[in-house]
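These are the residues of each chain, in order.
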Amino acid sequence: MNYKQQDRDKILSYLQTHSVCTVDSIIKESGAERLRVYPILFELRQENIIQILEESDWGAPVKVALF
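Source: prediction; values computed, not measured. (Residues numbered from 1 in each chain as written. Predicted model: local features only at pLDDT ≥ 70, side-chain atom pairs only at ≥ 80, totals over all residues. Heavy atoms only, no water.)

## Examining the environment of Tyr14
Turning to its location among the elements, Tyr14 is positioned in helix H1 (residues 3-17). The buried category is assigned to Tyr14, whose relative accessible area is 9%. Counting along the chain gives 18 residues from Tyr14 to Ala32, while the straight-line C-alpha distance between them is 9.8 Å. Those residues in contact with Tyr14 that sit more than four places away from it in its chain are Cys21, Ser25, Ile26, Glu29 and Ser30. (Helix = DSSP H or I, 4+ residues; strand = E, 2+ residues; numbered from the N terminus. Buried < 20%, exposed > 50% of the residue type's maximum accessible area, 1.4 Å probe, protein only. Contact = heavy atoms within 4.5 Å.)

So this is what it looks like as structure tokens:
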């Protein structure tokens, strides 16, 4: 099984049902492994699937949305 792909699917599914959401809510409610969330969001951003609406002072996404 490809766990990364499963987590990616969970994150995308969660984003489709919540147009704008925080990364904390994705971690808590999507069912994806919390350690994979940020790297997957980074990949989705690089593929222009999501947009980052708010970042922390350190550049980590705080609020995201689908394009």
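## Looking at the nonpolar core
Judged by nonpolar contacts, the single largest core of 15 residues is most densely connected at Ile11, Leu15, Ile26, Val37, Leu41, Leu44 and Val64. Listed by contribution, the elements that provide at least two residues to this core are H1, helix H2 (23-29) and helix H3 (34-46). Contacts of Leu15, omitting those with residues within four sequence positions, involve Cys21, Ile26, Ile50, Val64 and Leu66. (Core = buried A, V, L, I, M, F, W, Y, C linked by side-chain atoms within 4.5 Å.)

That is the geometry; function is a separate question.
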